[in-house]
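# Structural characterization, general
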Amino acid sequence: MKRKFLCAALLAATLAVSGCGELNIGYADYEKLMDTPQIKAVLEEGETKAREIQEAAEAELAGREDLTDEEIQKVQTDVQRKLMGIQQAYFTQYTQKMNAAAEAVSKEKSLEIIVDSSEDQKMVFMGGVDVTNDLIQKLQ
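These figures come from a predicted structure and were not determined experimentally. (Residues numbered from 1 in each chain as written. Predicted model: local features only at pLDDT ≥ 70, side-chain atom pairs only at ≥ 80, totals over all residues. Heavy atoms only, no water.)

### With respect to the packing of aromatic side chains
Counted by the stated rule, this structure contains 1 aromatic pair. Look at Phe 91 and Tyr 94: their rings are 5.8 Å apart centre to centre, the planes differ by 35°, and that puts the pair in the tilted class. Of this pair, Phe 91 and Tyr 94 both sit in helix α4 (residues 69–108), 3 residues apart, roughly one helical turn. In this structure Phe 91 comes out as partly exposed when scored by relative accessible area, which is 45%. (Phe/Tyr/Trp six-rings, centres within 6.5 Å; stacked < 30°, edge-to-face > 60°. Helix = DSSP H or I, 4+ residues; strand = E, 2+ residues; numbered from the N terminus. Buried < 20%, exposed > 50% of the residue type's maximum accessible area, 1.4 Å probe, protein only.)

### Some words on the pattern of salt bridges
Across all of its chains, the model carries 6 salt bridges by this definition. Between Lys 82 and Asp 78 there is a salt bridge, with its nearest N and O atoms 3.4 Å apart. On the criterion of helical spacing, the pair formed by Lys 82 and Asp 78 is a turn pair, its members being 4 residues apart in helix α4. The exposure class assigned to Lys 82 is partly exposed, which follows from its relative accessible area of 39%. Each of Asp 78, Arg 81 and Lys 82 takes part in a single network of salt bridges with overlapping partners. (Salt bridge = Lys/Arg side-chain N within 4 Å of Asp/Glu carboxyl O.)

### A few points about the environment of Gln 54
Along the chain, Gln 54 turns up in helix α3 (residues 37–61). A sequence separation of 22 residues divides Gln 54 from Gln 76, and the C-alpha atoms of the two residues are 9.4 Å apart.

### Some points on the sheet that holds strand β2 (residues 113–116)
One open sheet holds the 3 strands; their spatial order is β2-β1-β3, and the pairing between them is parallel. Each edge of the open sheet is held by one strand with a lone partner, namely β2 and β3 (129–130). Both strand β1 (residues 25–28) and β2 contribute to a ladder of 4 bridges, which runs parallel. Bridging from a neighbouring strand, Tyr 27 pairs with Val 115 of β2. (Pairing = 2+ DSSP bridges.)

### Description of the packing of α3 against α4
For the pair α3 and α4, the least separation of the axes is 9 Å and the interaxial angle reads 175°. By the criterion of interaxial angle, the relationship of α3 to α4 is roughly antiparallel. Along its contact with α3, which presents Gln 38, Ile 39, Val 42, Glu 45, Gly 46, Lys 49, Ala 50, Ile 53, Gln 54, Ala 57, Glu 60 and Leu 61, the element α4 presents Ile 72, Val 75, Val 79, Lys 82, Leu 83, Ile 86, Tyr 90, Gln 93, Tyr 94, Lys 97 and Met 98. (Axes fitted to C-alpha atoms, helices over the stretch in contact; angles between N-to-C directions. Parallel < 35°, antiparallel > 145°, perpendicular 65-115°, else oblique. Contact = heavy atoms within 4.5 Å.)

### Description of α3
When the terminal C-alpha atoms of α3 are compared, their 36 Å separation across 25 residues agrees well with the 36 Å that a helix rising 1.5 Å per residue should span. Listed as buried for α3 are Ile 39, Val 42, Gly 46, Ala 50, Ile 53 and Ala 57. Buried residues along α3 sit in contact with α2 (30–33) and α4. Where α3 terminates, the next one or two residues include Gly 63, which has phi positive at roughly 70°. (Expected span 1.5 Å × (residues − 1).)

### Side note on the nonpolar core
Membership of the largest hydrophobic core comes to 22 residues, with the highest contact counts inside it found for Tyr 30, Leu 33, Met 98, Ile 114, Val 131 and Leu 135. At the level of elements, α2, α3, α4 and α5 (132–138) are the ones that each hand at least two residues to this core. The element contributing the most residues to this core is α4, with 9 residues. (Core = buried A, V, L, I, M, F, W, Y, C linked by side-chain atoms within 4.5 Å.)

### Thoughts on the side chain of Asp 134
Residue position: Asp 134 is located in helix α5. Each residue touching Asp 134, except ones within four places of it in the same chain, is listed here: Val 105 and Lys 109.

### Side note on unusual backbone geometry
Of note in this structure, Ser 110 is not a glycine but carries a positive phi near 55°. The topology assignment puts Ser 110 in the loop between α4 and β2. A relative accessible area of 46% means that Ser 110 is categorised as partly exposed.

All we've got here are geometric facts, nothing functional implied.
Next up, the structure:
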């Protein structure tokens, strides 16, 4: 997702420098959005599901001295496959919620682009509209 915002920021900068019009750019600290109820719920549910899968695998393997290396490998592979599915499903939910909030705020504020301004992703050094609190409200 951060890659998408980086590409959008580069496009915005290119258009602004080339004089192809004025863009209304918003920025938000996406690290702060991780503490909103909707995002926390998605992340916590995903972590719970992942933990349940790991615990079930551990229970299956516990006390099973008779398993061959191939059988153990099969269980581990199955767990990894399930964990990847969980990760993908919950990342999709996370992305949908973030995108819905960003879309609503961008329409309300007439913004063409919203970029990430998290401490490790600083892209906006001057100008733009901080929409972090607006996004936080949408994700309550």
